[in-house]
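Structural description and commentary
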Amino acid sequence: MAVISPIVLVLLSAASVNTPMAPGVAAFVKDHHLTRYSVALVDLNGDNRPEAVVYAMSTSAGGQQSDLCGSGGCNLYVLSLTPAGYRQVSDIPITRAPIRVLPTTTHRWRDLGVTVAGGGIIKGYEARLRFDGRSYPTNPTVSPALRLKTTVGKVLIANDPSLP
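Calculation rules
- Residues numbered from 1 in each chain as written.
- Predicted model: local features only at pLDDT ≥ 70, side-chain atom pairs only at ≥ 80, totals over all residues.
- Heavy atoms only, no water.
- Salt bridge = Lys/Arg side-chain N within 4 Å of Asp/Glu carboxyl O.
- Buried < 20%, exposed > 50% of the residue type's maximum accessible area, 1.4 Å probe, protein only.
- Helix = DSSP H or I, 4+ residues; strand = E, 2+ residues; numbered from the N terminus.
- Lys, Arg positive; Asp, Glu negative; His and termini not counted.
- Phe/Tyr/Trp six-rings, centres within 6.5 Å; stacked < 30°, edge-to-face > 60°.
- Arc of directions from axis to C-beta.
- Contact = heavy atoms within 4.5 Å.

Here's the deal with the pattern of salt bridges
All told, the structure shown has 3 salt bridges when counted by the stated rule. With its nearest N and O atoms 3.4 Å apart, the salt bridge here joins aspartate 47 to arginine 49. You can call arginine 49 partly exposed: its relative accessible area is 32%.

Structure follows, in C-alpha cells:
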C-alpha cells in the first residue's frame with residue numbers, strides 16, 4: 001500500500017475571501033450558497049490530485065444560524081477532482097468534527113473518520129466510513145459505517161466549539 005500524505009487547506013468561512021480556493025470547490029460553495037464551512041484538500045484515492053472534504057454548517061438562507069446542522073451534526077461533502085472540475089462523490093448529513101483521514105483504504109480510497117453524537121446518541125464515538133466504489137455511506141450511525149474503538153488518523157477538520 002502506498003503512503004498517501006494529506007495536503008490540508010482549511011477555510012473557516014466565506015469571509016476568507018482573500019484565501020485562494022480551488023475553482024471547482026469555490027463553484028461548489030457558491031452553488032450551495034455556503035456561508036460557514038471548512039474545507040480540507042487531501043488525496044483520498046491515490047491519484048496525486050486532491051479531493052475536497054467540505055464540512056458545511058450554514059447557507060445564506062440560514063443567516064447566522066447553522067441551518068445545515070441538527071442535533072446529530074452538520075453536512076459533510078466529499079468532492080472528487082475530474083478534468084472538468086470537482087464533482088460530488090458523497091453527501092453525509094449527520095457528522096460532527098473532528099473529521100479524519102484514516103490510514104486504511106477501501107476500494108482504493110482512504111477511509112474517513114467522523115464523530116457521531118447527539119440526535120439520541122448519549123455517548124459520542126468515532127465512526128469509520130468506507131468508500132463502496134461509488135461513495136461513502138450517507139449515515140455514519142448505521143451499517144456499513146463501523147464504530148471505531150480507538151481514535152486514529154490525521155485530523156482534516158477540527159472541532160468547532162460554536163456548534164451544537
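A word on the side chain of glutamate 51
For glutamate 51, the location among the structural elements is in strand E2 (residues 51-59). Look at glutamate 51: it is buried, it has no salt bridge, and the nearest opposite charge is arginine 49 at 6.0 Å.

Considerations on the packing of aromatic side chains
Taken as a whole and assessed by the stated rule, the structure comprises 4 aromatic pairs. Ring centres of phenylalanine 28 and tyrosine 77 lie 5.0 Å apart, and the angle between their planes is 70°; this geometry places the pair in the edge-to-face category. Placement of phenylalanine 28 in helix H1 (residues 23-31) and of tyrosine 77 in strand E4 (residues 73-82) is noted, with a sequence separation of 49 residues between them. Here phenylalanine 28 and tyrosine 77 have matching classes, each one buried. Note on tryptophan 109 and tyrosine 136: the rings are 6.2 Å apart at their centroids and 75° apart in plane angle, and the pair reads as edge-to-face.

A word on unusual backbone geometry
Following alanine 97, the chain continues to proline 98 via a peptide bond in cis, the omega torsion being 10°. For proline 98, the location among the structural elements is in strand E5 (residues 85-106). Positive phi, close to 65°, is recorded for asparagine 48, a residue that is not glycine. Positionally, asparagine 48 belongs in the loop between strand E1 (34-42) and E2.

Comments concerning H1
Buried within H1 we find Val25, Phe28 and Val29. Buried residues along H1 cover an arc of 100° about the axis, so they all sit on one side. Facing away from the buried side of H1 by more than 90 degrees, the exposed set consists of Pro23, Lys30 and Asp31. On its buried side, H1 packs onto E1, E2, E4 and E5.

This is a description of form; function is not addressed.
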